[in-house]
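Architecture at a glance
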Amino acid sequence: MNPAAYLRPRSITEVSQCLQRLPEAQLLAGGQSLLAAWRLGLCKPTHFVDLQDVPDLKDIRIEGDALWVGAMCTHAQIAQSPIIATQFPMLSALAHGIADAQIRNVGTIGGALANNDPAACWPTGVLAMHADIVTNERVINADAFFQGLFTTALQEGEWILGLRFPRVACARYVKFEQAASRFALVGVAVMRSMDGEVRVAVTGLGQGVTRWYEAETALTAAWHVEALNKLDFDVSNAQSDIHASAQYRAHLVAVLCRRAVAANTGESGAMPARTSVAHAPVAPSKARIQGSHLLQATPEYVWHQLLDPAVLQRCIPGCTAMTRTQPEHYQAVVKIGLGPVSATFATQVALFPEAPNHASAPTRCRLVLSGQAGALGEGKATVLVQLHAIQDPQTQSIHTRLDWQASPEVTGKLAQLGNRFMDATAHSLSQQFFNRFSAGLSGHTPTKASSFFTYALTVKVKQWFQRFFER
Ligand SMILES: Cc1cc2nc3c(=O)[nH]c(=O)nc-3n(C[C@H](O)[C@H](O)[C@H](O)COP(=O)(O)OP(=O)(O)OC[C@H]3O[C@@H](n4cnc5c(N)ncnc54)[C@H](O)[C@@H]3O)c2cc1C
């Protein structure tokens, strides 16, 4: 546990000044997540900036047609507020269902939102309610605020003052609890606005809170449980871990959504008879995470970009340095800051081309990554990447479908975070890598089929000459 200084500012301005002056300081709300991460050595703030003494952050009040809840309101304060219980009962029930009395007395709504844990309840309620998050700099709508696992729109030096919830016709949050912690294995919040628009938000899937758009459309058209009869939640949006399979989680989304609607309409929320699902939690398979991306460039171009260290440095999230140690072996420094974890990894990246530049078969390579984060432990991952040439039937252009599979492993303190966190983190980082990689390719015009094959031939000949002279 690294030592950290303790500061207790008394105004919003003083808090902002602390954050500007001390870039490695962290805000301290109830400390429920932050202090646990600090004690494990997962983050090393130089200072804790405690928000306890800042006035207004604990206010609950009606502002015109909206409800204001200060960032430092505890779950217990929200659960016990008569204004919230009578005018915004969904928020009251959600707060009441969080963990146990000790956690509710200390944990805050601001800390929960800034943390954006993928199994937390507040992000779901706030997203379904279409609330605004008010920071020291701007107002961010919930749709823009939650940006995936442990990630929010908050910028450096920006922090949450409170939230504004609009008045709605009705809302309900239902969760299926993880028995040990009472975090949501899956939780669903359904809200119907004054003009009949329905929003459905889901937590517990592994990637952070998300909306179920198909259910929203169906329920906006017909505010009845029956409107959900033909809908299944897309299982590819859920992840498996030791607690539940992705299929089971997807099934729970449908079940809980029906219950949330039924609680508002007075109907039965039972599932229609057609549904069958594998209920048993499944052990994660060897290749636990995977993805597929359609890239606007030829496989050859994508291949060369993948082997370019400058491109890798730009695309690997948190990569601050990358040097080539030998052909296709790199040494990188990668800083990962996700929710409670803030760790710098000395990382080795090795690329093993398995079937390079073949015009008729998929191009394939293996990336072996291993990173050491000092006392925190080590992380390893083998990523198999395959590039398939895809011809656009209309333009004849050649594009690339990039499929990847990864099996990450961690040891040491990092392993204490468990599979749920690790898989979700690895998935989120991979997603960020391929999103940046695709964005970097967007300026490249795909080649027409004929020139693609000429290009492939040229590359082959070049390689043959290179190898010939290397001998
Ligand atoms: C055993 C256990 C069970 C739990 N069960 C549930 C559950 O069922 N459902 C659920 O939703 N939650 C649950 N929680 C989460 C808990 O209730 C807290 O909401 C959460 O841990 C955040 O804690 P905190 O408010 O004390 O914030 P802290 O731990 O103090 O801070 C968390 C993070 O937010 C930042 N932060 C704090 N305040 C602000 C602010 N105003 N602006 C910007 N950044 C800020 C901090 O710097 C830190 O990075 C559980 C927690 C535990 C320990």
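The text that follows walks through the structure, step by step, so that each part is easy to find.

So, how was this worked out
Residues numbered from 1 in each chain as written. Predicted model: local features only at pLDDT ≥ 70, side-chain atom pairs only at ≥ 80, totals over all residues. Heavy atoms only, no water. Helix = DSSP H or I, 4+ residues; strand = E, 2+ residues; numbered from the N terminus. Buried < 20%, exposed > 50% of the residue type's maximum accessible area, 1.4 Å probe, protein only. Contact = heavy atoms within 4.5 Å. Areas by Shrake-Rupley, 256 points an atom, 1.4 Å probe, with all protein chains shown as cover. Pairing = 2+ DSSP bridges. Axes fitted to C-alpha atoms, helices over the stretch in contact; angles between N-to-C directions. Core = buried A, V, L, I, M, F, W, Y, C linked by side-chain atoms within 4.5 Å. Near = heavy atom within 4 Å. Polar contact = N/O pair within 3.5 Å; in protein donor to acceptor, adjacent residues only side chain to side chain. Nonpolar A, V, L, I, M, F, W, Y, C, P; charged D, E, K, R; others polar. Phe/Tyr/Trp six-rings, centres within 6.5 Å; stacked < 30°, edge-to-face > 60°.

Here we come to the overall build of the protein. Secondary structure assignment for the protein yields 15 helices and 19 strands. A total of 471 residues make up the protein; the buried ones form 49% of that total. In the protein, once contacts between residues fewer than 6 apart in sequence are set aside, the share between residues at least 24 apart is 59%. Accessible area of the protein: about 21900 Å², with a carbon and sulfur share of 54%.

Judged by how many residues are buried, strand E5 (residues 66-70) sits mostly within the fold: 5 of 5 residues are covered. Neither face of E5 is exposed, since Ala66, Trp68 and Gly70 on one face and Leu67 and Val69 on the opposite face are all buried. The pairing of strand E4 (residues 60-63) with E5 spans 4 bridges and is classified as antiparallel. When the bridges of E5 are listed, Ile62 appears paired with Leu67.

This brings us to helix H12 (residues 299-306). Of all 8 residues in H12, 6 are buried; the element is thus mostly enclosed. Along H12, the residues classified as buried are Pro299, Glu300, Val302, Trp303, Gln305 and Leu306.

Now for unusual backbone geometry. Across the chain, the bulk of peptide bonds are trans and the bulk of non-glycine residues have phi less than zero. Even without being a glycine, Asp56 presents a positive backbone phi close to 80°. Within the secondary structure, Asp56 sits in the loop between strand E3 (47-50) and E4. Positive phi outside glycine occurs at Glu328, with the angle close to 65°. If you trace the backbone, Glu328 turns up in the loop between strand E14 (319-326) and strand E15 (329-338). With a relative accessible area of 29%, Glu328 lands in the partly exposed category.

If you trace the 4 strands from one edge of the open sheet to the other, you get E9-E10-E11-E12, paired in antiparallel fashion. Looking along the sheet, the strands with just one partner apiece sit at the ends: strand E9 (170-177) and strand E12 (210-211). Bridge analysis of E9 against strand E10 (residues 184-192) gives 8 bridges, and the strand direction is antiparallel. Along E10, the bridge assignment pairs Lys175 with Gly187. The sheet contacts of helix H10 (residues 213-221) involve strand E11 (198-203) and E12, and relative to E11 the element is tilted by about 150°.

All right, on to the nonpolar core then. In terms of nonpolar packing, the biggest core is built from 44 residues, with Val302, Val385, Leu402, Trp404, Phe433 and Phe437 touching the most fellow members. At 6 residues, the largest contribution of residues to this core is made by helix H14 (residues 418-441). Excluding anything up to four places from it in sequence, Trp404 contacts Ile289, Gln290, Gly291, Ser292, His293, Val383, Leu384, Val385, Ser430 and Phe434. If you look at the next biggest cluster of nonpolar residues, it comprises 42 residues, including Ile84, Met90, Val126 and Val168.

The ligand sits among 30 residues. The nearest are Leu27, Ser33, Thr108, Cys121 and Arg182. The backbone of Cys121 places a nitrogen or oxygen atom 2.7 Å from an oxygen atom of the ligand. Burial of the ligand by the protein chains amounts to 88% of its free accessible area of 970 Å². Taken together, the elements giving at least two residues each to the shell around the ligand come down to strand E2 (26-28) and helix H7 (109-115). Taken together, the residues of the shell around the ligand sort by class into 18 nonpolar, 10 polar and 2 charged.

By the definition in use, this model includes 7 aromatic pairs. Note on Trp404 and Phe434: the rings are 5.4 Å apart at their centroids and 20° apart in plane angle, and the pair reads as stacked. Of the two residues, Trp404 sits in strand E19 (residues 398-410) while Phe434 sits in helix H14, which places them 30 residues apart along the sequence. Note on accessibility: Trp404 and Phe434 belong to one class, buried. Site record: aromatic cluster; members linked through ring pairs are Trp404, Phe433, Phe434 and Phe437.

So, about the environment of Ala189. With respect to the helices and strands, the residue Ala189 is situated in strand E10. A relative accessible area of 0% places Ala189 in the buried class. Considered as a pair, Ala189 and Thr124 are 65 residues apart in the sequence and their alpha carbons are 6.0 Å apart. Filtering out sequence-adjacent residues up to four positions away, Ala189 remains in contact with Met90, Thr124, Gly125, Ala128, Arg172, Tyr173, Arg199, Val200 and Ala201.

With antiparallel pairing, 5 strands are arranged side by side in an open sheet as E4-E5-E8-E6-E7. Only two strands of the sheet have a single neighbouring strand rather than two, namely E4 and strand E7 (139-141). Recorded for the sheet is a direction-independent mean angle of 25° between the axes of neighbouring strands. By the bridge criterion, 3 bridges tie strand E6 (residues 132-135) to E7 in an arrangement that is antiparallel.

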